[in-house]
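What the coordinates show
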Amino acid sequence: MAINTDKNSYTIIFAIAMVVVVGSLLAFTASSLKDKIAANKRTEKQQNILFAMGVTDTEDPSEFVPAEEAEELFNKYVGEDKYIITGSTAQKTEEAFNIEVKKENDKLKQDTNYQRKMPLFIGKKDGEEFYIVPMRGNGLWDAIWGYVSLDKEFKTVKGAFFDHKGETPGLGANIKEAYFRDDFIGESILDASGNYKGITVKKGNADPKNVDKTDNEVDAMAGATITGDGVTAMVKKGIKMYQPYFATLKK
């Protein structure tokens, strides 16, 4: 018996069957790749943290450490120095690595009384300590995020890494570029009186070569004012949340 493919019922049944088949294939693929995806995210996070503290590819200092070396190098330079900060209290725990800033932000939005958990990583390289702060904010089109490392005086930026989900190529997407992120290196987050001020991405900054590291400013990216403002807000708020804890370490 021939099937009448001209009937509407055939079209509907065929469409439903295709949805079921494709959906099943996608679910199977996602399930089978779940562990690999998780491992890749872990490696990328380790690479980003290492980059923020200046551990890069020795052949090209502007590149990340190779993925296959990330775990070993992360254990070497950061090791067990992972903390969950709540206010001015720190808990040393391996679980700090699994804390996601986005999820913590979402929990706080849902419950204003929620005690946010803030991950902190302390790296050691060439006799120096690096306090690496994860952060997340909003750009022009979507989320932006990054890691900023501070010196042991909690005054000077030692390194930075920024990334985005959907900023405009050639404009806001340039937060990933070396010429932008490197401007943060050496910049003070404190004002002349020693009070926390953060860093502003400023359009029309009178210091385009970023010679003055005490003005709490870096030069903005051309044509990306809103993304730059997003980085400013992210960095200022991101580091400020850790100030109560940093204050206890200065005593």
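Now for a look at the structure at hand. (Residues numbered from 1 in each chain as written. Predicted model: local features only at pLDDT ≥ 70, side-chain atom pairs only at ≥ 80, totals over all residues. Heavy atoms only, no water.)

As for the packing of aromatic side chains
This is how the line gets drawn: Within 6.5 Å between ring centres, the rings of Phe, Tyr and Trp (the latter by its six-membered ring) count as paired, and their orientation is classed by plane angle as stacked under 30 degrees, edge-to-face over 60, tilted in between. Put simply, DSSP marks the helices as runs of H or I at least four residues long and the strands as runs of E at least two long, and each gets a number from the N terminus on. A simple rule labels every residue: compare its accessible area, found with a 1.4 Å probe on the protein chains alone, to the largest value its type can have, and call it buried under 20%, exposed over 50%, or partly exposed in between. A ring is considered to have a charge above it if a Lys NZ or an Arg CZ atom is located within 6 Å of its centre and within 35 degrees of its normal.
By the definition in use, this model includes 14 aromatic pairs. Between Phe74 and Phe97 the ring centres are 5.5 Å apart and the planes differ by 70 degrees, which places this aromatic pair in the edge-to-face class. A residue pair is termed long-range when its members are at least 10 positions apart, and Phe74 in helix 3 (residues 67–77) and Phe97 in the loop between strand 2 (89–92) and helix 4 (101–110) qualify at 23 residues. Each member of the pair, Phe74 as well as Phe97, carries the same accessibility label: buried. Between Phe180 and Phe184, the aromatic rings sit 5.4 Å apart at their centres with planes inclined by 75 degrees, giving edge-to-face as the arrangement. An identical accessibility class is assigned to Phe180 and Phe184; each is buried. By way of ring pairs, the aromatic residues Tyr131, Phe154, Tyr242, Tyr245 and Phe246 are connected into one cluster. The ring of Phe97 has Arg42 sitting right over it, with the charged end atom 4.7 Å from the ring centre.

Focus on helix 7 (residues 243–250)
To be explicit about the condition: What the arc describes is the spread of directions from the helix axis to the C-beta atoms. Any two residues whose heavy atoms approach within 4.5 Å at even a single point are treated as in contact.
Three or more residues of helix 7 are buried, namely Gln243, Tyr245 and Phe246. Summarising the axial view, the buried residues of helix 7 lie within an arc of 155 degrees, below the 170-degree limit, and thus occupy one face. On its buried side, helix 7 packs onto strand 1 (82–86), strand 2, strand 3 (118–125), strand 4 (128–138), strand 5 (143–150) and helix 6 (225–240).

A word on the pairing of strand 2
Condition: DSSP bridges decide pairing: two strands pair if at least two such bridges lie between them.
In the sheet, strand 1 pairs with strand 2 via four bridges, with the strands oriented antiparallel. Bridge pairing in strand 2 places Tyr83 opposite Lys92. Following strand 1, the chain reverses through two residues before pairing antiparallel with strand 2; Gly87 in that reversal takes a positive phi of roughly 65 degrees.

Concerning unusual backbone geometry
With phi around 55 degrees, Phe154 is a residue other than glycine that occupies positive phi space. Tracing the backbone through its elements, the reader meets Phe154 in the loop between strand 5 and strand 6 (157–164). Its relative accessible area of 1% is what places Phe154 among the buried residues. Phi is positive for Asn216, which is not a glycine, with a value near 60 degrees. Following the sequence through the fold, Asn216 ends up in the loop between strand 7 (200–202) and strand 8 (217–219). In this structure Asn216 comes out as buried when scored by relative accessible area, which is 3%.

Some thoughts on the sheet that holds strand 1
The following threshold applies: Note on geometry: axes are lines fitted to C-alpha atoms, helical ones only across the stretch in contact, with angles between N-to-C directions running from 0 to 180 degrees.
In spatial order, the strands read 2-1-3-4-5-6; together these six strands make up an open sheet with antiparallel pairing. The outermost strands of the open sheet, each flanked by one partner alone, are strand 2 and strand 6. On average, each strand axis in the sheet is inclined to that of its neighbour by 25 degrees, with strand direction left out of account. The strands touched by helix 2 (residues 34–52) within the sheet are strand 3, strand 4, strand 5 and strand 6, with strand 6 carrying the most contacts at an inclination of about 145 degrees. Against the sheet, helix 7 engages strand 1, strand 2, strand 3, strand 4 and strand 5, with an angle of about 165 degrees to strand 4.

As for the pairing of strand 6
Burial of strand 6 is extensive: seven of the eight residues sit out of reach of the surface. Sheet analysis places strand 5 next to strand 6, joined by seven bridges and oriented antiparallel. Bridged to Ser149 within strand 6 is Gly159. Linking strand 5 back to strand 6 in an antiparallel pair, the connection comprises six residues, with Phe154 at a positive phi of about 55 degrees.

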